[in-house]
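The lines below spell out each chain.
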Amino acid sequence: MGISVDTPENTREYMLQKAGYTFTFLSDPKLDAIGRYDLVHAKELASGKDIARPAEFLLDSSGTVRWRMVTENFFVIARPEQVLKAAKALP
Amino acid sequence: MKRLNWQIWAGFVLSLVAGFSYPFVFVRWPITREFPWANLILFAIAIVLLFLGLRRAFKPDKRITSKIFSSLAAAFGIMLLAALLFLIFVMGSWLPPSAGAPQVGEKAPDFTLTNVNDKPVTLAQLLAEPINNKPPKAVLLIFYRGYW
């Protein structure tokens, strides 16, 4: 599932209609979850806003983190094959 | 007859292509985004051309204007390369520390957020809601920068 500060309208337009993704997207404009996960990128340069820094967490069915990637460089984010490998290792 | 210093022109145009193809093209694929191989190869060719053009412009029979123009073109190409490397390797790592982000083995904090249909959704719900009549094996949370 994808989480960003974008509004539901923008997410619908960019991620569903333009990009064609079919998984769940959630909007966090007040940085409620983003803050709880300590992923706030305050006054980010390009947007001038408080947004989420890129990060991925794979949770098992109990909600426990089994794999994560909190990148050090936002040009490097989790690759699909890394996530699939981690998912296959789940019980 | 004066012959066009094509090396300097080609080098100049190619350095533009090398710089701007990163944000517009090569940023799409992890292999060319994480390390700008494609752009560095383009820049290498551009710099060779700029060097050849410069050498030609600085031959004694060439006019001062061609010396000035080719120097500016070469400087611009190098600046674009420096800007791209700065963007990827310096600005790319301007991220907060996120020391409090959930670690492997920890429980992911619950949250309630709005989906694209303006309905509230909790993490607990996503962990429990059946997909194809089977309980989900896992949930992947992807925090992304968004389009604002």
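Keep in mind it's a predicted model, so treat the numbers as computed, not measured.

Caption draft 1: Region of interest: the overall build of chain A. A tally of regular secondary structure across chain A gives three helices and six strands. Taken from N to C terminus, the helices and strands of chain A fall in the order β-α-β-α-β-β-β-β-α. Each principal axis of the C-alpha distribution contributes one length, and for chain A these read about 40 × 30 × 25 Å. Evaluated residue by residue, chain A yields a buried proportion of 32% over its 91 residues. Put simply, 25% of the contacts in chain A that link residues at least 6 apart link residues at least 24 apart.

Caption draft 2: View of the sheet that holds strand β1 (residues 112–115) of chain B. If you walk across this open sheet you meet the seven strands as β6(A)-β5(A)-β3(B)-β1(A)-β2(A)-β1(B)-β2(B), and the pairing is mixed. The two strands at the open ends of the sheet, each matched to only one other strand, are β6 (65–70) of chain A together with β2 (120–122) of chain B. Averaged over all neighbouring strand pairs, the angle between strand axes comes to 30°, with direction disregarded. Two strands pair when backbone bridges link them, and β1(B) and β2(B) are joined in this way by three bridges, in the antiparallel orientation.

Caption draft 3: Representation of the nonpolar core within the structure. Counting 24 residues, the largest nonpolar core has Ile3(A), Ile34(A), Leu39(A), Ala52(A), Phe57(A), Leu141(B) and Phe143(B) as its most contacted members. At the level of secondary structure, the elements contributing two or more residues to this core comprise β2 (25–27), α2 (32–36), β4 (51–52), β5 (55–60) and β6 of chain A together with β3 (138–143) of chain B. Ranked by residue count, the leading element in this core is β5(A), at four residues. Among residues more than four places away in sequence, those in contact with Phe143(B) are Ile3(A), Ile34(A), Tyr37(A), Leu39(A), Ala52(A), Pro54(A) and Ala55(A). Of all hydrophobic cores here, the second largest spans 17 residues; its members include Phe12(B), Leu49(B), Leu80(B) and Leu81(B).

About the criteria used
- Residues numbered from 1 in each chain as written.
- Chains lettered and ligands numbered in written order.
- Predicted model: local features only at pLDDT ≥ 70, side-chain atom pairs only at ≥ 80, totals over all residues.
- Helix = DSSP H or I, 4+ residues; strand = E, 2+ residues; numbered from the N terminus.
- Buried ≥ 20, exposed ≤ 12 C-beta atoms within 10 Å, placed from the backbone.
- Contact = placed C-beta atoms within 7 Å.
- Pairing = 2+ DSSP bridges.
- Axes fitted to C-alpha atoms, helices over the stretch in contact; angles between N-to-C directions.
- Core = buried A, V, L, I, M, F, W, Y, C linked by C-beta atoms within 7 Å.

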